[in-house]
Amino acid sequence: MVVTATRYEKRDVEIAADTQVINSTKIENSGATNVQQVLQAIPGIVYQSKGPGGASLGSMTSKVSMRGVETGTLVLLNGTPINYRGLYNLEDIPVDIIEKIEVVKGGGSVLYGSEATGGVINIITKEKMNNSIKTSFGNNGRQNHGLNTQLGKLGIVYKYDKWGDIGKVSDYRTVLSKPGTKNMYNSFNGSEKNNYMLSYRFDENVNVLYNHGKSNSYYTYKFGDGYASKLVDKARYNRKHDKSEDFVQLNFKDDNGFKGNIYYNKNATQSTGIDFLSSTGKTQATTDGVVTKYPNNKNTEEKNLTYGYDVQKLWQTEHNNYLIGTTYQREEFEKGELGVWGSKKSRNNFSVYGSWETGLGTKNLFTVSARETWTTGANEDKNFDNFSGQIQYVHKITDEQSVYANVGQSFKMPSFSNMYSGGNASNIVGDPNLKPQKGINYELGYKFNTETHKYKIALFATSIDDEITFSKKKVGDDNKYFACNEDFKNKGIELSAEIDGGHGWLYNYGLTYNNPKSKTSTQKEGVITDWRRTFGRIQFTSGVTYHKEKWTANLNANYLAERVLSTNTAGVAETKPYLLTSFNVRYEADKNSEISLSMDNILDRKDNVNHSSSYYYSTPYTYLLSYTYKF
């Protein structure tokens, strides 16, 4: 059964979309410690990481791209959006609290609004926490510890995660993919995360969840090849990135189809450090007549706040389902440098949505959905409104087989960060005149689900106008990226299978063949405006699990080929495939004790997981040995 695709519970074979469900057993078998690690094994998803374990690089967090759509993944926690200015920090969500993760690809803007142009990820937490203590140690300075307990109606979770210094994690070359040019690189010097969660279930219909997280990570940006020998491996600047988050969610429902949530989501980031030298390795630089002397201190801060509600009512009859709902979200954004805050940006987002599903005979389902979205109160009159619709059709061949067709529009507003980022300490420059991105998704599919076999085939096509991205100007050497709009298109095919082979063997695999392309529509100087390919054409994911008595072992691989590095100023260059692998083995000594060993990047490959001029490398081979005591 899947909830996310239609906003009410339905069998997967009756849903006109490609859906993936990862339950708690699959998550435990994978050995993953956070949501980022779980998602990288799903067909059609490309996960770009900035540091080990999905660590963020200041305001640059890891990204989930569905079917090539880089800025269109909406992440929900129990149906509540946790995105802030297009980011979501999935690496901070521990897997112990999760009952299942539902992934719906192909766009979900009609039912879920802005951010869902590529798809929706809904993380559903457990109603009751397991009583357990876990401690883990590994190489690369890795530690992971936690406590889960359920005290009557109150659930308590604490997680601690640490990484040590692993050295170079990225490269930036002034000319795309040419080794002989000047190069700078990021060195990862360590990170720590603390996460606290409380959940309280008043009764079967009302519960509340509170999550508080704090983390810090350390990076040093250094001179590399192509510079004078006295500069090579010398620090240009260092940064400490601090992040705190507070999330509160109240969920409620009744027995008559009414349900909803009220939420509050606050995120604050701060980046501090010292710039030791200019980008050319000098102690003084002049830009637009302004002289800067080095070393000098840097301090940038950012605050993001969203709060609101989402309420819906469902009426179900023998042949029809009627859904109507409304949402409200307040957004607030502030950015400061060296202790001086800029003006606060804010807006109110409203929407009304609904769907009607009717049965045409006993084997056909037809669904029409629509949403109206509008904003008020935005600074400088930057308000938006949009109407979008969706049509879906499912033909049930048998109770276990179906074919479907789906056509839906998508819509995404530019975030305040897209519009207003910038300043002397930032290399990101926003554009308050950005257009909202609008698109349309087409999908045809086939599903065959039994107790032991699940097969899915999907043909898809996506077209987006004015997708929001950032481009680096070719002219000048200021190393700044400018917000701009670009057009995007992609079409392809996805195949996936889950097979219970019996005798303890479980298999899964997925194959995606597509051709994502984009074309910048900006008028900024030096930007290429021709269609260019992005990401990779071929993705193959596979996994095998074996369980016998007290032993469980799991092996996963994600292979992405026919890849390119693509920028708006330097064009496209071929780059090698990447292969992400993980292996986990678990031994249940008795009903209370469990030992597990998880290993990531078991081939110790140094693969670039990014698709622009900056190389971000896969984390080196890492193991984590864990002991869990259940009480």
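A brief report on the enclosed structure follows. (Residues numbered from 1 in each chain as written. Predicted model: local features only at pLDDT ≥ 70, side-chain atom pairs only at ≥ 80, totals over all residues. Heavy atoms only, no water.)

1. Considering the overall build of the protein chain
Using the following cut-off: Strands are runs of DSSP state E lasting at least 2 residues, helices are runs of H or I lasting at least 4, and numbering of each runs from the N terminus. Throughout, radius of gyration means the C-alpha value; the globule benchmark is 2.2 Å times the number of residues raised to the power 0.38. Note on classification: 1.4 Å probe, protein chains only; a residue is buried when its accessible area is under 20% of the maximum for its type, exposed when over 50%, partly exposed between these limits. The contact rule is simple, with two residues in contact once any of their heavy atoms fall within 4.5 Å. The charge count includes Lys and Arg as positive and Asp and Glu as negative, but it does not include His or the ends of the chains. A charged residue contributes its charge at one atom only: NZ of Lys, CZ of Arg, CG of Asp or CD of Glu.
Helix and strand content of the protein chain: four helices and 38 strands. Computed over its C-alpha atoms, the radius of gyration of the protein chain comes to 24 Å, within 12% of the 25 Å expected for a compact globule of 631 residues. Considering only C-alpha atoms, the protein chain reaches an extent of 75 × 60 × 45 Å along its principal axes. Here the protein chain holds 631 residues, and the buried ones make up 55% of them. Considering only intrachain contacts with a sequence separation of at least 6, the fraction spanning at least 24 residues in the protein chain is 63%. One way to put it: in the protein chain the 75 positive side-chain charges average out to a point 5 Å from where the 67 negative ones average out.

2. Overview of the packing of aromatic side chains
The condition is simple: In summary, the pairing rule links any two rings of Phe, Tyr or Trp, Trp by its six-membered ring, whose centres are within 6.5 Å, and it sorts them by plane angle into stacked for under 30 degrees, edge-to-face for over 60 and tilted for everything else. Only when the NZ of Lys or the CZ of Arg is both within 6 Å of the ring centre and within 35 degrees of the ring normal is a charge said to sit over the ring.
Tallied over the entire structure, the rule returns 17 aromatic pairs. Summarising the aromatic geometry, the rings of Phe 350 and Trp 374 are spaced 5.7 Å apart at their centres and angled 15 degrees between planes, so their arrangement reads as stacked. Taken together, the residues Phe 350 in strand E21 (residues 345-359) and Trp 374 in strand E22 (residues 364-376) connect sequence positions 24 residues apart. In this structure Phe 350 comes out as partly exposed when scored by relative accessible area, which is 26%. Its guanidinium or amino end placed over the ring of Tyr 112, Arg 7 lies 4.5 Å from that ring's centre, counting from NZ or CZ.

3. Notes on the sheet that holds strand E7 (residues 119-125)
What counts, and what does not: Two strands are counted as paired when DSSP detects at least two bridges linking them.
With mixed pairing, five strands are arranged side by side in an open sheet as E1-E6-E7-E4-E5. Here the strands that pair on one side only, and so sit at the sheet edges, are strand E1 (18-23) and strand E5 (80-81). Sheet analysis places E1 next to strand E6 (residues 98-105), joined by six bridges and oriented antiparallel. The partner of Asn 23 across the bridge, within E6, is Lys 100.

4. Focus on a negative patch on the surface
Put simply, the rule is: Residues form patches when they are more than 30% accessible in relative terms and have no salt bridge. Like charges link within 9 Å. Nonpolar side chains (Val, Leu, Ile, Met, Phe, Trp, Tyr) link within 5 Å. Each accessible area is a Shrake-Rupley result for a 1.4 Å probe, and residues are judged covered by the shown protein chains and nothing else. Between Lys or Arg on one side and Asp or Glu on the other, a salt bridge is scored when a side-chain nitrogen of the former is within 4 Å of a carboxyl oxygen of the latter.
A cluster of acidic side chains, namely Glu 99, Glu 127, Asp 203 and Glu 204, defines a negative patch on the protein surface. Along the chain, Asp 203 turns up in the loop between strand E12 (183-201) and strand E13 (206-223).

5. Details of the pattern of salt bridges
Pairing between side chains of opposite charge can happen when the charged atoms of each approach one another. Per the counting criterion, the structure on display carries 32 salt bridges. The partner of Lys 344 in a salt bridge is Glu 332, with the nearest N and O atoms 3.8 Å apart. With Lys 344 in the loop between strand E20 (340-341) and E21 and Glu 332 in strand E19 (residues 320-337), the pair connects residues that are 12 residues apart, well separated along the chain. Salt bridges sharing partners connect three or more residues here, namely Lys 10, Arg 11, Glu 14, Glu 357 and Lys 396.

6. A few points about the nonpolar core
Put simply, the test is: The criterion is simple. A nonpolar core is a set of buried Ala, Val, Leu, Ile, Met, Phe, Trp, Tyr and Cys residues joined through side-chain atoms within 4.5 Å.
Grouped together as the largest cluster of nonpolar side chains are 30 residues, with contacts concentrated most on Leu 39, Val 64, Leu 90, Ile 98, Ile 101, Val 103 and Ile 123. Contributions of two or more residues to this core are made by helix H2 (35-39), strand E2 (45-48), strand E3 (63-66), strand E4 (73-77), E6 and E7. The contact partners of Ile 98, leaving out residues within four places of it in the chain, are Ser 24, Ile 27, Val 35, Ile 93, Ile 123, Ile 124, Thr 125 and Lys 126. One finds Trp 163, Phe 535, Tyr 578 and Val 609 within the second-largest nonpolar core, a separate group that totals 14 residues.

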